[in-house]
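So the chains spell out like this:
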Amino acid sequence: SQTIHQWPATLVQPVGSPLSLECTVEGTSNPNLYWYRQAAGRGLQLLFYSVGIGQISSEVPQNLSASRPQDRQFILSSKKLLLSDSGFYLCAWGYAGELFFGEGSRLTVL
Amino acid sequence: AQSVTQLDSHVSVSEGTPVLLRCNYSSSYSPSLFWYVQHPNKGLQLLLKYTSAATLVKGINGFEAEFKKSETSFHLTKPSAHMSDAAEYFCVVSSYNFNKFYFGSGTKLNVKP
């Protein structure tokens, strides 16, 4: 069966520090991969999606970047965090029109 | 472009009474629509999906939704609410090739004893 792992689950970072959130999927190959951000009362905002290794599409210009160094690995990064980067980040993989989500990473930028 | 609008940010019902969560969509082609549920501090789980087959879609945990093209709606219903249904619900529309999924702002369902 397929599983998705996302870490870290929570982190508190100072403004201006770097960020790396990692997501890996097991049990499937060449999945579509997604990063979403959830802010309170604003639903889920699609940040990046990838249909293959090295293929990244950005939905919203921002302080973040994404990379897919391996087929089942998706990384969300920032060189310098802003206060506005705080939120709940969700990684997901897609198959046959359905999304499967990780447990999320809660980022607080102070 | 595709988008969904969830008409209520909060809905409160008593246990055992019907649930109605409203969603309207906008799409330049025949859409694929979904409802996802999120329990506190958790990821999301698919409740049901509509992909141009039967307009009445049945999902998990007794939920169902009806696709109404004339009203551009995809409302989620359940005949009888249970305490465990308390969560946040998201209406979602996908791109034609299922590469992108666009979420509504969510509806928080509160179930009173």
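Residues numbered from 1 in each chain as written. Chains lettered and ligands numbered in written order. Predicted model: local features only at pLDDT ≥ 70, side-chain atom pairs only at ≥ 80, totals over all residues. Heavy atoms only, no water.

**Student:** Just checking my understanding: could you explain the overall build of chain A for this structure?
**Tutor:** Of regular secondary structure, chain A possesses zero helices and 11 strands. Taken from N to C terminus, the helices and strands of chain A fall in the order β-β-β-β-β-β-β-β-β-β-β. Against the 2.2 N^0.38 benchmark of 13 Å for 110 residues, chain A shows a C-alpha radius of gyration of 13 Å, consistent with a compact globule. Each principal axis of the C-alpha atoms in chain A carries an extent, and together these give about 40 × 25 × 20 Å. The buried share of chain A, reckoned over its 110 residues, is 48%. Taking all contacts inside chain A whose residues are at least 6 apart in sequence as the whole, residues at least 24 apart take part in 53%. Taken as a whole, chain A presents about 5,200 Å² of accessible surface, with 52% of it coming from carbon and sulfur. (Helix = DSSP H or I, 4+ residues; strand = E, 2+ residues; numbered from the N terminus. Rg over C-alpha atoms; globule rule 2.2 N^0.38 Å. Buried < 20%, exposed > 50% of the residue type's maximum accessible area, 1.4 Å probe, protein only. Contact = heavy atoms within 4.5 Å. Areas by Shrake-Rupley, 256 points an atom, 1.4 Å probe, with all protein chains shown as cover.)

**Student:** Would you mind going over the interface of chain B and chain A with me for this structure?
**Tutor:** Taken together, the contact between chain B and chain A spans 19 residues of the former and 22 residues of the latter. Carbon and sulfur atoms supply 52% of the area that chain B and chain A bury against each other, a total of about 1,700 Å² over both sides. The tally of links between chain B and chain A comes to one salt bridge. Inspection of the chain B/chain A interface yields eight residue pairs in polar contact (both at pLDDT 80 or more). Of all the secondary-structure elements, those providing two or more residues to the side of chain B that touches chain A are β5 (33-38), β6 (44-50), β10 (87-94) and β11 (101-103) of chain B. (Buried area = accessible area lost by both parts, 1.4 Å probe. Salt bridge = Lys/Arg side-chain N within 4 Å of Asp/Glu carboxyl O. Polar contact = N/O pair within 3.5 Å; in protein donor to acceptor, adjacent residues only side chain to side chain.)

**Student:** Mind showing me how you'd approach the sheet that holds strand β1 (residues 3-7) of chain A here?
**Tutor:** All names here are of chain A. Taken together, the four strands give an open sheet; going across it, the order is β1-β3-β8-β7, and neighbouring strands pair in antiparallel fashion. Edge strands, defined here as strands with exactly one partner in the open sheet, are β1 and β7 (65-70). When the angles between neighbouring strand axes are averaged without regard to direction, this sheet yields 20°. Two strands pair when backbone bridges link them, and β1 and strand β3 (residues 19-26) are joined in this way by five bridges, in the antiparallel orientation. From the neighbouring strand, Gln 6 faces β3, where its bridge partner is Cys 23. (Pairing = 2+ DSSP bridges. Axes fitted to C-alpha atoms, helices over the stretch in contact; angles between N-to-C directions.)

**Student:** Mind showing me how you'd approach the packing of aromatic side chains here?
**Tutor:** Aromatic rings in a pair are described by how distant their centres are and how their planes are angled relative to each other. The tally for this structure, following the rule as stated, stands at 17 aromatic pairs over all chains. Ring centres of Tyr36(B) and Phe103(B) lie 5.9 Å apart, and the angle between their planes is 40°; this geometry places the pair in the tilted category. Residue Tyr36(B) is found in strand β5, and its partner Phe103(B) is found in strand β11; the two are separated by 67 residues along the sequence. Across the pair, exposure class does not vary: Tyr36(B) and Phe103(B) are buried alike. Among the aromatic side chains, those forming a connected cluster through ring pairs are Tyr34(A), Tyr36(A), Tyr49(A), Phe101(A), Phe34(B), Tyr36(B), Phe90(B), Phe101(B) and Phe103(B). (Phe/Tyr/Trp six-rings, centres within 6.5 Å; stacked < 30°, edge-to-face > 60°.)

**Student:** What should I look at first to understand the nonpolar core in this one?
**Tutor:** When a protein is soluble and globular, its nonpolar side chains tend to lie buried together. Ranked by internal contacts, the top residues of the largest apolar core, which has 26 residues, are Trp35(B), Leu48(B), Leu76(B) and Tyr89(B). When residues of this core are assigned to their parent elements, the largest contribution, four residues, is made by β10(B). With near-sequence residues (within four places) excluded, Leu76(B) lies in contact with Val19(B), Leu20(B), Leu21(B), Trp35(B), Leu47(B), Leu48(B), Phe63(B), Glu64(B), Ala65(B) and Tyr89(B). Counting residues in hydrophobic clusters, the runner-up holds 20 residues, among them Leu19(A), Leu47(A), Phe48(A) and Trp93(A). (Core = buried A, V, L, I, M, F, W, Y, C linked by side-chain atoms within 4.5 Å.)

**Student:** Just to check I follow, could you spell out the environment of Leu82(A) for this structure?
**Tutor:** All names here are of chain A. Its location among the elements puts Leu 82 in the loop between β8 (73-78) and β9 (87-95). The exposure class assigned to Leu 82 is partly exposed, which follows from its relative accessible area of 40%. Between the C-alpha atoms of Leu 82 and Leu 64, which are 18 residues apart in sequence, the distance is 9.9 Å. With residues up to four places along the chain from it excluded, the contact list for Leu 82 reads Asn 63 and Val 109.

**Student:** For this particular structure, what's the right way to read the state of the cysteines?
**Tutor:** Simply put, disulfide is the name for a covalent bond between the sulfur atoms of two cysteines. Scanning all chains against the criterion turns up two disulfides over all chains. Linked covalently through their sulfurs, Cys23(A) and Cys91(A) form a disulfide whose S-S length is 2.0 Å. Residues Cys23(A) and Cys91(A) are joined by a disulfide whose S-S torsion is about -75°; by sign, that bridge is left-handed. In this pair, Cys23(A) sits in strand β3 while Cys91(A) sits in strand β9, placing the two residues 68 residues apart along the sequence. By relative accessible area, which is 1% here, Cys23(A) ends up buried. In this model Cys23(B) forms its disulfide with Cys91(B); the gap between the sulfur atoms is 2.0 Å. Across the S-S bond linking Cys23(B) and Cys91(B), the dihedral sits near -70°, which makes this disulfide left-handed. Remark: Cys91(B) occurs in strand β10 and Cys23(B) occurs in strand β4 (residues 23-26); sequence separation between them is 68 residues. Take Cys91(B): its relative accessible area is 0%, and that puts it in the buried class. (Disulfide = S-S within 2.5 Å.)

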